[in-house]
Amino acid sequence: MEGETELTFEQAFQQLEEVVRQLESGDLTLEQSLSLFERGMHLARLCESKLDQAEQKVSQLVGVEGGRPVLTSFEAQE
Amino acid sequence: MRVYTVHQITQYIKEVFELDPLLQDLWVEGEVSNYVHSAAGHVYFTLKDAQSELRCVLWRSQVAQQEYLPGNGDAVVVHGRASVYEARGSYQFYVDHIQLAGAGALFLQLQALQEKLEREGLFATERKRPLPRFPRKVGVVTSPTGAAVRDILHILQRRYPLAEVVLSPTLVQGEEAPPQIAAAIQALNDHTDVDVMIVARGGGSLEELWAFNDERVARAIFASRVPVISGVGHETDYTIADLVADVRAPTPSAAAELAVPDRRELRSQAMQHHALLQQRMLDRLAEQKKDVQQVLALLRRFSPRALVDRWRQSLDERFQRLYTRQEHRLRLWHEQIRGMGLRLQALSPQATLDRGYAIVSSRDTGAVVTRTAQVGSGDGIDIHVSDGHVTAVVD
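Residues numbered from 1 in each chain as written. Chains lettered and ligands numbered in written order. Predicted model: local features only at pLDDT ≥ 70, side-chain atom pairs only at ≥ 80, totals over all residues. Heavy atoms only, no water.

Novice: In this structure, what is going on with the sheet that holds strand β4 (residues 75-85) of chain B? I would like to understand it.
Specialist: Strand pairing in a sheet is mediated by backbone hydrogen bonds. Such pairs are either parallel or antiparallel. Residue and element names in this part refer to chain B. Taken in spatial order, the five strands close into a barrel running β1-β2-β3-β5-β4, and their pairing is mixed. Between one strand axis and the next, the sheet turns by 55° as a mean value, whatever way the strands run. In this fold helix α1 (residues 6-19) packs onto β4 and β5 (90-100), with an angle of close to 135° to the strand it touches most, β4. (Pairing = 2+ DSSP bridges. Helix = DSSP H or I, 4+ residues; strand = E, 2+ residues; numbered from the N terminus. Axes fitted to C-alpha atoms, helices over the stretch in contact; angles between N-to-C directions. Contact = heavy atoms within 4.5 Å.)

Novice: What should I look at first to understand the pattern of salt bridges in this one?
Specialist: Opposite charge on two side chains lets them pair, provided their charged atoms get close. Tallying each qualifying case throughout the model produces 19 salt bridges over all chains. With its nearest N and O atoms 3.0 Å apart, the salt bridge here joins B:Arg267 to A:Asp52. Taken as a pair, B:Arg267 in helix α10 (residues 263-301) and A:Asp52 in helix α2 (residues 30-53) lie in two separate chains rather than in one. For A:Asp52, a relative accessible area of 44% puts it in the partly exposed group. The salt bridge partner of B:Glu257 is B:Arg158, with a shortest N-O separation of 3.6 Å. With B:Glu257 in helix α9 (residues 252-259) and B:Arg158 in helix α5 (residues 147-159), this residue pair connects regions lying 99 residues apart in the sequence. Several salt bridges converge on common partners, so that one network encompasses A:Lys57, B:Lys137, B:Glu164 and B:Asp193. (Salt bridge = Lys/Arg side-chain N within 4 Å of Asp/Glu carboxyl O. Buried < 20%, exposed > 50% of the residue type's maximum accessible area, 1.4 Å probe, protein only.)

Novice: It is not clear to me how the side chain of B:Asp195 should be interpreted in this structure. Could you clarify?
Specialist: All names here are of chain B. Tracing the sequence through the fold places Asp-195 in the loop between α6 (177-191) and β8 (196-201). The class for Asp-195 is buried, based on a relative accessible area of 17%. Of note is the side chain of Asp-195, whose polar atom sits 3.1 Å from the backbone nitrogen of Arg-136. Every residue in contact with Asp-195, bar those within four places of it in the chain, is listed here: Pro-132, Pro-135, Arg-136, Lys-137, Val-226 and Pro-227. (Polar contact = N/O pair within 3.5 Å; in protein donor to acceptor, adjacent residues only side chain to side chain.)

Novice: Explain the side chain of B:Gln99 here, please?
Specialist: For B:Gln99, the location among the structural elements is in strand β5. Among the polar contacts listed, one links the side chain of B:Gln99 to the side chain of B:His97, at a separation of 2.9 Å.

Novice: So what exactly am I meant to see when it comes to the packing of α6(B) against helix α7 (residues 215-223) of chain B here?
Specialist: The description of two helices packed together rests on the angle between their axes and the distance between the axes. Residue and element names in this part refer to chain B. The contact between α6 and α7 brings their axes to 8 Å, and the two run at 10°. What the angle tells us is that α6 and α7 run roughly parallel. Here Pro-178, Pro-179, Ile-181, Ala-182 and Ile-185 of α6 lie close against α7, whose contacting residues are Arg-216, Val-217, Ala-220 and Ile-221. Partitioning the contact of α6 with α7 into residue classes produces eight nonpolar, no polar and one charged. (Parallel < 35°, antiparallel > 145°, perpendicular 65-115°, else oblique. Nonpolar A, V, L, I, M, F, W, Y, C, P; charged D, E, K, R; others polar.)

These figures capture arrangement, not role.
As structure tokens, then:
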């Protein structure tokens, strides 16, 4: 699937919900439902892997220079 | 040596008081005692602290303008000017405003601000914005040190590491805090693309949380482009910031939980969708297979093979019927034949011979002799009896 890597988690999850909804409605040809099914499985796996692999990025807004924000990485002190 | 009258010196002292700018415009804090509301409508009392006392008067015209009048023992802050009461030669404090000190005063200020902002619509429920379901970037306005930021980051990391976090650090208590908090909120709005924001501070005393009751903070929250979740102090603390925020969370941790979805829930939802998809597909395929089988059965009924089978069966049936009928007929014939046999037997000459009759036949022709004219003298004849024949010659 071309361009799939561009999907955000949000997009993938919402598309997955839409696929399930369409399949539930049942008003589809077998070919349509097979291709939706494949798409849905792909999206479900994509969502799962995105959730599993995510690592949070935390930065700190320390100032503004020339109208642009200055961000530094931030780590909370234990 | 110059000698002054009592009045002269009293006037002089009064002038000294009234020419001193500090004494003409000041706030004094103390505890109220000897409180008297006179028949004329004026109020007299003494303000005191551990070391000193100050006589105070509040003229009737000022009494009417006060939102609050103290009782003995109240800690109050009064505003006014100090001057001299010439008739008595004593100085006193002419009060024009009186309010509760400490928490009491703060409470009154808070109430006034709350009413004002309420009238302006800063707390209106119809203005509250929904939080994004899957925020991509979460802004956090709080102190970069302390438990609140740690708790918030910990929860955001645990629940939804997909979102980026931008901390906009600020002081959260003291005089400098309100403008800093307001600026931190504005900076996130102006210079980052956060789509939701947490404004938080850990638990503390009423005074420590006071910055979140500041009008500047309230207006910055109100002006925020993105929804704001407040999480100030503990569950029982309510600040103006909480009232303006789109969503109020009882604590900083709770604010973080409201800001993002929980990945474990999302994961289980995704898995449910996954399972549902598979089930749907299996159902769909089973359904389709059933349809196909129905059509196949229908097709089979119209196939040539079925026709042949049907003809064959019908032929079989006919054969069977034919056969049955033929058998019946054969049986009938058989019985007729047997009957005729019996009749034939009854007609057989042997039976006649057995009874003692004889049959004569010509030896030459073999013909049975039934008349005398058939034979002449000297002709050979055969005489048949029951067990054979004898030969004779006619005389």
